[in-house]
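Coordinates in review
Here is what each chain is made of, one letter per residue.
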Amino acid sequence: MVDILYPISLMVNGKTVQAEVSADLRLLDFLRNDLNLTGAKEVCAEGECGACTVVLDGKTVNSCLILAVETDESELTTIEGLSDGKILTQMQKAFVDHHSVQCGYCIPGMVLTGEQIVKDHDSPSRKTIQEDLSGNICRCTGYQKIVEAIEKVGHEFHE
Amino acid sequence: MVSKNKMKYFRPSSTHELHDYLVDVKEMSIAILAGGTDLMPRWNDDNGLRPDMLIDIKKIHECFGIREYENEIVIGALTTIQEIKNSILIQKYFGALSEAASHFAGVQIRHRATIGGNICNASPAGDMLPGLYAHRADMKVIGPNSSHSIPISDFIVGPGKTVLESNEIISEIHLKKSGDSSCFYKLGLRQSMAIAVVNFAIAYTRDSNNAFTSLNIAAGSVAPSIVFLNHFTDGIMNGTSLDEAIELVDKDIFPIDDIRASADYRRTVLKNVLKYTFRHELHENCE
């Protein structure tokens, strides 16, 4: 019996992507292996850690819990789609300025979640930032500098 | 049983299309996919779920949205937990559901997880369930030739078990605007992303003297499925003191030891938190 393939067409970081995928292919594997977008990472594979966070139709999601075939006709942004060449977004720059990065493994997810937080809340409080970051786990930084970076952007964003 | 990559995928856009399709695939094992946040971890497990056919119901338009009618609120089964968290209607009429949605996992999961999925998954610890029980929600179940309505307490029959037939889905959740106030409490081992050790919802009305005229409590993680604490609430309604009534909780719950907590701990913590809630929150603040 041959694999059954399903055609999908979606926007990834502003470009149309067309592919044929088997029903069992996870979005995370499709991004990393087929599109060579390796910013999203696999850690827990059960939606606990947020290292595989991407933005699907304007909302942060765990790409380990989504099949590629489900994303037909949708719009996807990965960490690779944020900066304009070497020009960083405000959030990326704030992460650099606040020394928010240690090993870096969780950071693509953290930055995308940070972008979602400043989109969802006007000048988010620390408590709000901490609550909305709860789906992203970091084992190096202790979160403090990540929260500070997001807080800074949240204030600038709404000034 | 098939290997993962032989699996078929189908995404109907209406219940009509879904049922036309289901007629032809009777012999196959089917998994229904909504948000996928419970299904996919089982899928990622090498020894986990391997259906012949995955039916993705996310585009079935009849199951979208939160709507207000004269006497009830109708929640489409595909409404995400984040949409419930952000809904002013839910906050106004069903405080316990609003609070439960706020305590539900993290943002990424809330963007995908659906209320219908949380119900059909029928976890004894499901966070949306106590509020739905306390507000006596009715499930609208649709099958190939008919639809019917069933109270949630009859719909869920055990851990992971519902009365849903393989060719049926929940399309809507109906909640009467009863005027009850409600609140939700959850104890997890950490604040976010934690499965409840104990959770419960209280729905109530009171008269001008602040005495309860109705009281309904549903608790999770203390029995094979959600239970009503009827012995306890009867005690309170009959004027039994809180200290005496709280001991009646033992007649309502059947907790077990598991990886998250012992049965004794669940029993003790449920009673302590209930007592605290009645003494400090319901009697003093929630007037």
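If you're wondering where the values come from, they're calculated on a predicted model, not measured in any experiment.

Further remarks concern the sheet that holds strand β1 (residues 5–12) of chain A. The pairing of strands in a sheet comes from backbone hydrogen bonds and takes either a parallel or an antiparallel form. All names here are of chain A. The 5 strands are arranged β2-β1-β5-β3-β4 in an open sheet whose pairing can be described as mixed. Both outer strands of the open sheet, β2 (15–22) and β4 (59–62), are each paired with one neighbouring strand and no more. Direction aside, neighbouring strands of the sheet carry axes that sit 40 degrees apart on average. Lying over the sheet, helix α1 (residues 27–34) contacts β1, β2, β3 (53–56) and β5 (75–77), oriented at roughly 115 degrees with respect to β2. Contacting β3, β4 and β5, helix α3 (residues 107–120) runs over the sheet at an angle of about 40 degrees to β3.

What follows concerns the domain arrangement of chain B. Residues and elements named next belong to chain B. Along its sequence, chain B is organised into domain 1 (4–56), domain 2 (65–176) and domain 3 (181–282). Just the C-alpha atoms count here: the centres of domain 1 and domain 2 sit 20 Å apart. Contacts between the two partners involve 10 residues from domain 1 and, on the opposite side, 12 residues from domain 2. In total, about 920 Å² of surface goes out of reach between domain 1 and domain 2, with carbon and sulfur atoms giving 66% of it. It is His19, Gly35 and Thr37 in domain 1 that bury the most area against domain 2; as a group they hold 45% of the surface buried on that side. Where domain 1 touches domain 2, the interface holds 3 residue pairs in polar contact (both at pLDDT 80 or more). Considering each element in turn, the side of domain 1 that touches domain 2 owes the most residues, 4 residues, to helix α1 (residues 15–24).

Turning to the interface of chain A and chain B, a few remarks are in order. You'll often see interface size given as the accessible area lost when the parts meet. On the side of chain B, 30 residues touch chain A, which itself brings 34 residues to the contact. Buried surface at the junction of chain A and chain B, both sides included, amounts to about 2600 Å², of which 54% is carbon and sulfur. The largest share of the area that chain A buries against chain B comes from Asp24(A), Leu65(A) and Glu70(A), three residues that together contribute 22% of it. At the boundary of chain A with chain B, the tally comes to 4 salt bridges. The shortest N-O distance in the salt bridge between Lys58(B) and Glu70(A) comes to 2.5 Å. Where chain A meets chain B, there are 8 residue pairs in polar contact (both at pLDDT 80 or more). When residues of the side of chain A that touches chain B are traced back to their parent elements, those giving at least two are β3, β4 and α3 of chain A. When residues of the side of chain A that touches chain B are assigned to their parent elements, the largest contribution, 4 residues, is made by β4(A).

Once that is clear, we can look at the pairing of β2(A). For β1(A) and β2(A), the ladder comprises 8 bridges, and the chain directions are antiparallel. When the bridges of β2(A) are listed, Ile8(A) appears paired with Ala19(A).

Here the focus is the domain arrangement of chain A. Residue and element names in this part refer to chain A. In terms of domain boundaries, chain A breaks down into domain 1 (5–81) and domain 2 (90–157). The interface of domain 1 with domain 2 comprises 16 residues on the first partner and 12 residues on the second. Taken together, domain 1 and domain 2 are joined by 0 salt bridges. At the junction of domain 1 and domain 2, the tally comes to 5 residue pairs in polar contact (both at pLDDT 80 or more). Of all the secondary-structure elements, those providing two or more residues to the side of domain 1 that touches domain 2 are β3 and β4.

Once that is clear, we can look at the packing of aromatic side chains. Residue and element names in this part refer to chain B. Summed over the entire model, instances satisfying the criterion amount to 8 aromatic pairs over all chains. Note on Tyr93 and Phe94: the rings are 6.2 Å apart at their centroids and 45 degrees apart in plane angle, and the pair reads as tilted. Classification of Tyr93 by relative accessible area gives buried; the value is 19%. Connected via pairs of aromatic rings, a cluster forms that spans Tyr204, Phe212, Phe232 and Phe278.

Turning our eyes to something else, we now look at the side chain of Gln82(B). Residue and element names in this part refer to chain B. With respect to the helices and strands, Gln82 occurs in helix α3 (residues 81–86). Among the residues examined, Gln82 registers a relative accessible area of 10% and is labelled buried. Beyond its immediate sequence surroundings of up to four residues, Gln82 is in contact with Val107, Arg110 and His111.

This part is about the pattern of salt bridges. Residue and element names in this part refer to chain A. Per the stated rule, a full pass over the model turns up 22 salt bridges over all chains. In this structure, Asp97 and Lys93 form a salt bridge, with 3.3 Å as the shortest nitrogen-oxygen distance. Placement of both Asp97 and Lys93 in helix α2 (residues 90–97) is noted, with a separation of 4 residues, approximately one turn of the helix. By relative accessible area, which is 47% here, Lys93 ends up partly exposed.

Residue and element names in this part refer to chain A. Scanning the entire structure with this criterion turns up 1 cavity of 30 Å³ or more. Computed from the structure, the largest cavity encloses a volume of approximately 30 Å³. For the largest cavity, the full set of lining residues is Lys41, Glu42, Val43, Cys44, Ala45, Gly47, Cys49, Gly50, Cys52 and Cys64.

Quick look at the nonpolar core now. Counting residues in each nonpolar core, the largest one holds 74 residues, and the members touching the most others are Phe30(A), Ile119(B), Met128(B), Leu132(B), Met139(B) and Ile173(B). Apart from the residues within four sequence positions on either side, Phe30(A) is in contact with Ile8(A), Leu10(A), Val17(A), Ala19(A), Val21(A), Leu25(A), Leu35(A) and Ala68(A). In terms of nonpolar packing, the next biggest core, distinct from the first, is built from 29 residues, Val227(B), Leu229(B), Val273(B) and Leu274(B) among them.

For the rest of this paragraph, the subject is α1(A). Along α1(A), the residues that are buried comprise Leu27(A), Leu28(A), Asp29(A), Phe30(A) and Leu31(A). Contacts made by the buried residues of α1(A) are with β1, β2, β3 and β5 of chain A.

Positive phi outside glycine occurs at Asp57(A), with the angle close to 45 degrees. With respect to the secondary-structure elements, Asp57(A) resides in the loop between β3 and β4. The partly exposed category is assigned to Asp57(A), whose relative accessible area is 45%. Of note, Ser221(B) is a non-glycine position whose phi angle comes to about 65 degrees, a positive value. Looking at where Ser221(B) falls in the secondary structure, it is placed in the loop between β13 (212–220) and β14 (227–228).

Criteria and cut-off values
Residues numbered from 1 in each chain as written. Chains lettered and ligands numbered in written order. Predicted model: local features only at pLDDT ≥ 70, side-chain atom pairs only at ≥ 80, totals over all residues. Heavy atoms only, no water. Pairing = 2+ DSSP bridges. Helix = DSSP H or I, 4+ residues; strand = E, 2+ residues; numbered from the N terminus. Axes fitted to C-alpha atoms, helices over the stretch in contact; angles between N-to-C directions. Contact = heavy atoms within 4.5 Å. Domains from an automatic or database assignment. Buried area = accessible area lost by both parts, 1.4 Å probe. Polar contact = N/O pair within 3.5 Å; in protein donor to acceptor, adjacent residues only side chain to side chain. Salt bridge = Lys/Arg side-chain N within 4 Å of Asp/Glu carboxyl O. Phe/Tyr/Trp six-rings, centres within 6.5 Å; stacked < 30°, edge-to-face > 60°. Buried < 20%, exposed > 50% of the residue type's maximum accessible area, 1.4 Å probe, protein only. 1 Å grid on protein atoms, 1.4 Å probe; cavity = no way out; pocket = protein on both sides within 12 Å on 5 of 7 lines; lining within 4 Å. Points joined across faces, edges and corners; volume = space filled by probe spheres on them. Core = buried A, V, L, I, M, F, W, Y, C linked by side-chain atoms within 4.5 Å.

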